[in-house]
Amino acid sequence: MHLLIIKYLFSALLVFVLSSSTIYAKATSKSDLFETCLRNKNNENYCKCAIDKSYDKVLAVNVKSKVDVLTRAREELEVKYKKAYDLEISKGGLNPSQIQAVCDVIDDYYKFRADNGLPYKKVGKRNLLYVDRKNIKPITSDIRQALAVKTAEIKKRIQDLNNKYQRNGAMGSFSNINGGACVIKSKIKWLDEEIEKLESLPPKIPVNVAIGNLLEASKGICGHLE
C-alpha cells in the first residue's frame, strides 16, 4: 500500500515538473510560442487568439521590465560617477578639460575593442547589455597581441598625461581602462544606448516571452474559446 502511494506521488511530481518546465519555457518568436501553446492547451483557436491579442501586451511588459533594470543600474552609476568625478578634481587636482583629455584616451581603448569585434559593453557583475554574437570575432593570436600592444600604449598615454598633471601636490587622474570616472561615464552612455534600443518600436533586439506569461495574459480575452 505504502509503495503504491509512493509511486503515485512520484508520478504526480514528475508530471508537475514536466508541465512546469513547459509552461515556463521561453520562446524567441511567435511561431515558437504558438507551438508551445498548442502543447499546453491543445486548442488551435485559443492559441491563435493568445498570439493575436496578448503577445504585444506581454512583450511590452517584458521590455518595460528590462528597461527598468537598466534604468536602476544607470541611476546607481550616476551616483558613482559624481563621486569619482569629484575625486578627480579634489584629490587628483585636475580641471574638467584635463579629465576629458584622460577620458579621450580611454575612449580610444574601447574604440579599438569595438573595431576589432571584442566585447566591451559590460555593466556590473552580469553583462546587462545586449551583445550580438555575430559581431564578436574570434580572439586570434594576432588580435590578442594587438590588444596587448594597444593596452600598453593607452596606459603610457595616461601616465604621460599624469606626468604633466602631477604638479603642486596634485595626484593626477584616478581613471584607467578598468575603472574611474571615465569608465563610469562610458557605462552610462552604453546604458542609454541600450535603453533607447529597447524603447524603439518595433523592438530592434529579441526579447524572450514566457509562455506562462502569455497564457496568463490571455485568460480573460481568450477564455471563451477553451
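Residues numbered from 1 in each chain as written. Predicted model: local features only at pLDDT ≥ 70, side-chain atom pairs only at ≥ 80, totals over all residues. Heavy atoms only, no water.

A. Spotlight on the state of the cysteines. One pass over the full model with this rule turns up 3 disulfides. The disulfide bridge from cysteine 49 ends at cysteine 222, spanning 2.0 Å between sulfur atoms. Taking the torsion about the S-S bond as the criterion, the cysteine 49 to cysteine 222 disulfide, at about -85°, is left-handed. Of the two residues, cysteine 49 is situated in helix α3 (residues 44-90) and cysteine 222 in helix α7 (residues 211-222); the sequence distance between them amounts to 173 residues. Each member of the pair, cysteine 49 as well as cysteine 222, carries the same accessibility label: buried. (Disulfide = S-S within 2.5 Å. Helix = DSSP H or I, 4+ residues; strand = E, 2+ residues; numbered from the N terminus. Buried < 20%, exposed > 50% of the residue type's maximum accessible area, 1.4 Å probe, protein only.)

B. Inspection of the packing of aromatic side chains at higher detail. Tallied over the full model, the rule gives 5 aromatic pairs. Taking 5.2 Å as the distance between ring centres and 80° as the angle between the ring planes, the aromatic pair formed by tyrosine 110 and tryptophan 190 counts as edge-to-face. Remark: tryptophan 190 occurs in helix α6 (residues 181-199) and tyrosine 110 occurs in helix α4 (residues 96-115); sequence separation between them is 80 residues. Neither tyrosine 110 nor tryptophan 190 differs from the other in exposure class; each is buried. For the ring pair tyrosine 120 and tryptophan 190, a centre distance of 5.4 Å and an interplane angle of 80° mean the geometry is edge-to-face. Residue tyrosine 120 is found in the loop between α4 and α5 (141-165), and its partner tryptophan 190 is found in helix α6; the two are separated by 70 residues along the sequence. Classification of tryptophan 190 as buried rests on a relative accessible area of 3%. Lying over the aromatic face of tyrosine 46, lysine 41 brings its terminal NZ or CZ to 4.8 Å of the ring centre. (Phe/Tyr/Trp six-rings, centres within 6.5 Å; stacked < 30°, edge-to-face > 60°. Lys NZ or Arg CZ within 6 Å of the ring centre and 35° of its normal.)

C. Region of interest: the side chain of serine 175. Here serine 175 is to be found in the loop between α5 and α6. In terms of polar contacts, serine 175 uses its side chain to reach the backbone amide nitrogen of cysteine 182, at 3.3 Å. Among all residues touching serine 175, those that are not within four sequence positions of it are Glu88, Val102, Ile106, Ile158, Gly180, Ala181 and Cys182. (Polar contact = N/O pair within 3.5 Å; in protein donor to acceptor, adjacent residues only side chain to side chain. Contact = heavy atoms within 4.5 Å.)

D. Representation of the nonpolar core in the model. Ranked by internal contacts, the top residues of the largest apolar core, which has 29 residues, are Leu33 and Leu214. Secondary-structure elements contributing two or more residues to this core are α2 (30-41), α3, α6 and α7. Among the elements that make up this core, the one with the highest residue count is α3 (14 residues). Beyond its immediate sequence surroundings of up to four residues, leucine 214 is in contact with Leu33, Ala50, Ile51, Ser54, Tyr55 and Val58. With 20 residues, the next largest nonpolar core counts Ile106, Tyr165, Ile177 and Trp190 among its residues. (Core = buried A, V, L, I, M, F, W, Y, C linked by side-chain atoms within 4.5 Å.)

E. Expanded view of a nonpolar patch on the surface. Among the surface-exposed residues, Leu87, Met171 and Phe174 lie close enough to one another that they form a single nonpolar patch of about 240 Å² accessible area. Along the polypeptide, leucine 87 turns up in helix α3. A relative accessible area of 30% means that leucine 87 is categorised as partly exposed. (Patch = residues over 30% accessible without salt bridge, like charges linked within 9 Å, V, L, I, M, F, W, Y side chains within 5 Å. Areas by Shrake-Rupley, 256 points an atom, 1.4 Å probe, with all protein chains shown as cover. Salt bridge = Lys/Arg side-chain N within 4 Å of Asp/Glu carboxyl O.)

F. Spatial organisation of α2. Relative to the 16 Å expected for 12 residues at 1.5 Å per residue, α2 spans 16 Å between its end C-alpha atoms, a close match to the ideal helical length. Within α2, the full set of buried residues consists of Leu33, Phe34, Thr36 and Cys37. Once α2 finishes, asparagine 42 follows within two positions and takes phi at roughly 55°, a positive value. (Expected span 1.5 Å × (residues − 1).)

G. Representation of the environment of glycine 92 in the model. With respect to the element layout, glycine 92 can be found in the loop between α3 and α4. For glycine 92, a relative accessible area of 0% puts it in the buried group. When sequence neighbours within four positions are dropped, the list of residues in contact with glycine 92 reads Leu87, Ala170, Met171, Gly172 and Phe174.

H. A look at the packing of α4 against α5. Where α4 meets α5, the axes come as close as 10 Å, and the angle between the chain directions of the two elements is 180°. By the angle between their directions, the pair α4 and α5 is classed as roughly antiparallel. Residues Gln98, Ala101, Val102, Val105, Ile106, Asp108, Tyr109, Phe112 and Arg113 of α4 form the contact with α5, whose own contacting residues are Ala146, Leu147, Lys150, Thr151, Glu153, Ile154, Arg157, Ile158, Leu161 and Tyr165. Counted by class, the contact of α4 with α5 contains 12 nonpolar, 2 polar and 5 charged residues. (Axes fitted to C-alpha atoms, helices over the stretch in contact; angles between N-to-C directions. Parallel < 35°, antiparallel > 145°, perpendicular 65-115°, else oblique. Nonpolar A, V, L, I, M, F, W, Y, C, P; charged D, E, K, R; others polar.)

I. Examining the pattern of salt bridges more closely. Applying the stated criterion to the full structure yields 13 salt bridges. Linking aspartate 86 and lysine 82 is a salt bridge whose minimum nitrogen-to-oxygen distance equals 3.0 Å. Here the residue aspartate 86 and the residue lysine 82 both occupy positions in helix α3, the gap between them amounting to 4 residues, near one helical turn. A salt bridge links glutamate 153 to lysine 150; the nearest nitrogen and oxygen atoms lie 3.4 Å apart. Here the residue glutamate 153 and the residue lysine 150 both occupy positions in helix α5, the gap between them amounting to 3 residues, near one helical turn.

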